[in-house]
Amino acid sequence: MKKILNVLYTAVCHFALSFSGIILFFWLFMEEAQYIDYEKILIFFRFALIFGAASVVFAIPKIPYVVKVALHFVINTIAFVATFATATGISQMRAFVVGALFVIIYAVIFAIVKVLQALSKRFTKNV
């Protein structure tokens, strides 16, 4: 039961952080921030739900870590492109750019997480 609660907690945390991050990013950097309406919030919410649910992949013990990361990446990339590129009838080129942007953001965040984990292990080992 504790394992299930931990997985559920992780999924909810990923959902909350991604939803908050999307809203913050959109609000700070997008020209159309003044036009955030109910429909756009629902689009952000739908992607955040998929992102949170995709984190459950990391709780499956028999899958190698590399496969988990690849599966998580593929699920989230498809969800991102399907959610944001098709939400407002965007052209094929813009959908490609949106997908490429997500790949770059995912890679940067993944690298930051790995560096922080390595630093955490290094500092906790010396204590």
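Residues numbered from 1 in each chain as written. Predicted model: local features only at pLDDT ≥ 70, side-chain atom pairs only at ≥ 80, totals over all residues. Heavy atoms only, no water.

(A) Spotlight on the overall build of the chain. Secondary structure summary: the chain contains four helices and zero strands in total. Ordered by position in the sequence, the α and β elements of the chain form the string α-α-α-α. Taken across its 127 residues, the chain has 24% of its residues classed as buried. Summed over all atoms, the accessible surface of the chain reaches about 9,300 Å², with 74% contributed by carbon and sulfur. (Helix = DSSP H or I, 4+ residues; strand = E, 2+ residues; numbered from the N terminus. Buried < 20%, exposed > 50% of the residue type's maximum accessible area, 1.4 Å probe, protein only. Areas by Shrake-Rupley, 256 points an atom, 1.4 Å probe, with all protein chains shown as cover.)

(B) Representation of the side chain of H72 in the model. Within the secondary structure, H72 sits in helix α3 (residues 65-85). The class of H72 is buried, set by a relative accessible area of 6%. Engagement of the side chain of H72 in a polar contact is seen with the side chain of Y106, the distance being 2.7 Å. Aside from chain neighbours lying at most four places away, what touches H72 is F51, A54, S55, F58 and Y106. (Polar contact = N/O pair within 3.5 Å; in protein donor to acceptor, adjacent residues only side chain to side chain. Contact = heavy atoms within 4.5 Å.)

(C) Layout of a nonpolar patch on the surface. On the surface, a nonpolar cluster with roughly 660 Å² of combined accessible area is contributed by I104, V108, I112, V115, L116, L119 and F123. Mapped onto the elements of the fold, L116 is located in helix α4 (residues 92-126). L116 gets classed as exposed once you look at its relative accessible area, which sits at 51%. (Patch = residues over 30% accessible without salt bridge, like charges linked within 9 Å, V, L, I, M, F, W, Y side chains within 5 Å. Salt bridge = Lys/Arg side-chain N within 4 Å of Asp/Glu carboxyl O.)

(D) Local environment of the nonpolar core. Counting residues in hydrophobic clusters, the biggest one holds 12 residues: I22, F26, I43, F44, F47, F51, A79, F80, F84, V98, F102 and Y106. Within the residue set of this core, elements represented by two or more residues are α1 (2-29), α2 (38-54), α3 and α4. No other element matches the four residues that α2 contributes to this core. (Core = buried A, V, L, I, M, F, W, Y, C linked by side-chain atoms within 4.5 Å.)

(E) Region of the structure containing the side chain of N76. Structurally, N76 is set in helix α3. Dropping the residues within four chain positions of it, N76 is found in contact with F47, I50, F51, A54, F102 and Y106.

(F) Local environment of the environment of F44. Turning to its location among the elements, F44 is positioned in helix α2. Remark: the alpha-carbon pair of F44 and F19, spanning 25 residues in sequence, is separated by 6.3 Å.

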